[in-house]
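Residues per chain, in single letters:
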Amino acid sequence: MQKNKIIAVWGNHNSGKTTLAAKIANELSKKKKNVILVLCDNITPTVSTILPLTDAKNQSLGELLSSIQITQESILQKCITLGKNDYLSVIGYLHGENERTYAKYSKERVVDLFILLKHLADYIIIDCSSLVSYDILSRTALELADQVIRLISPDLKAISFYDSCLPQFAERKYNLQNHMKVLSNVKYTMPTDSVANRFGGVPLEIPFIEEIEKQYLEGRLFESLADKKSQDYVKAINEIIAIIEGAKELPEKVKEKRQFNNPLKGFKWMRGAK
């Protein structure tokens, strides 16, 4: 069984990337696996939203990437620990920072970072930016990841996003066919079957859960879920983790439809609309 894996979580805007990445990282750490959660977004830095009460001065991912040399020691210095959880740490851009806060860095620097991270933890969970075309950190993560979890919101906006984005990653090195496709934030009123068919079938679903929305808004994503209504989410997370750990096979891959000239075709709920 392969150890020391890089897991990239990617998806369209508002698909729940950060929430899923945090939940997966937390669950793996409960199994006494060393986990580092990397938050890529430098447009809306995420550290302050998922760890609002944590003092993270001088522990910036941007400062690390812009330093003269990256070492295992310098990475550990930038990692933010989570109090009682000795197995999980977080690294990302800090509140108020942006893409111009630090000097630009090369792809080679990002590759060095990921190689060093892989030697420091059992699992590196990367919360990728949706704007991978403009973010070399997220784009390199999609290339180097041992597993990419691709979140898809069950709506027309997600279809539009992927129709524009996926052709940019058609090279074999991105291994699109091996992405773990997941419908995310699913509500019973959404056209899940129509969207899933558009992507050649999406066997995994994560339901929208009010308790998780509340945790996100209150900065408590690393807490366990207590509501009985959240059990379907817990079940979905456990299934994804089983695939990550190699205890379960990735659902059968189905070729996606590259041509979809009419995005409304097949949406039964839209029939009859003018």
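- If you look the protein chain up in an unreviewed UniProt entry, it shows as AAA family ATPase from Tepidibacter hydrothermalis.

### Thoughts on helix H10 (residues 231-245)
No. 1: In a regular helix each residue adds 1.5 Å, so 15 residues correspond to 21 Å; H10 covers 21 Å between its end C-alpha atoms and thus fits that length.
No. 2: Looking only at H10, the buried set comprises Tyr233, Ala236, Ile237, Ile240, Ile241, Ala242, Ile243, Ile244 and Glu245.
No. 3: Backbone geometry just downstream of H10 places Gly246 in the positive-phi region, at approximately 90°.

### Digging into unusual backbone geometry
No. 1: Despite not being glycine, Asn14 has its phi angle at roughly 60°, a positive value.
No. 2: Tracing the backbone shows Asn14 in the loop between strand E1 (5-11) and helix H1 (17-30).
No. 3: Residue Asn185 is not a glycine yet carries a positive backbone phi of 55°.
No. 4: With respect to the helices and strands, the residue Asn185 is situated in strand E7 (residues 180-186).

### Things to note about the UniProt feature "domain: AAA" (unreviewed entry) in the protein chain
No. 1: Per the UniProt annotation, the sites labelled "domain: AAA" (unreviewed entry) are residues 5-159.
No. 2: Secondary structure content for residues 5-159 is 37% helix and 22% strand, while the C-alpha to C-alpha distance between its ends is 29 Å.

### Remarks on the packing of H1 against H10
No. 1: Contact pair H1 / H10: the axes reach a minimum separation of 10 Å and the direction vectors enclose 70°. It follows from the interaxial angle that H1 and H10 lie roughly perpendicular. For the element pair H1 and H10, the recorded crossing hand is right-handed. Of the residues in H10, those in contact with Thr19, Leu20, Lys23, Ile24, Glu27 and Leu28 of H1 are Tyr233, Ile237, Ile240, Ile241, Ile244 and Glu245.

About the cut-offs
- Residues numbered from 1 in each chain as written.
- Predicted model: local features only at pLDDT ≥ 70, side-chain atom pairs only at ≥ 80, totals over all residues.
- Heavy atoms only, no water.
- Helix = DSSP H or I, 4+ residues; strand = E, 2+ residues; numbered from the N terminus.
- Expected span 1.5 Å × (residues − 1).
- Buried < 20%, exposed > 50% of the residue type's maximum accessible area, 1.4 Å probe, protein only.
- UniProt positions renumbered as here; feature names shortened; annotations may be inferred.
- Axes fitted to C-alpha atoms, helices over the stretch in contact; angles between N-to-C directions.
- Parallel < 35°, antiparallel > 145°, perpendicular 65-115°, else oblique.
- Left-handed = near helix turned anticlockwise from the far one by under 90°.
- Contact = heavy atoms within 4.5 Å.

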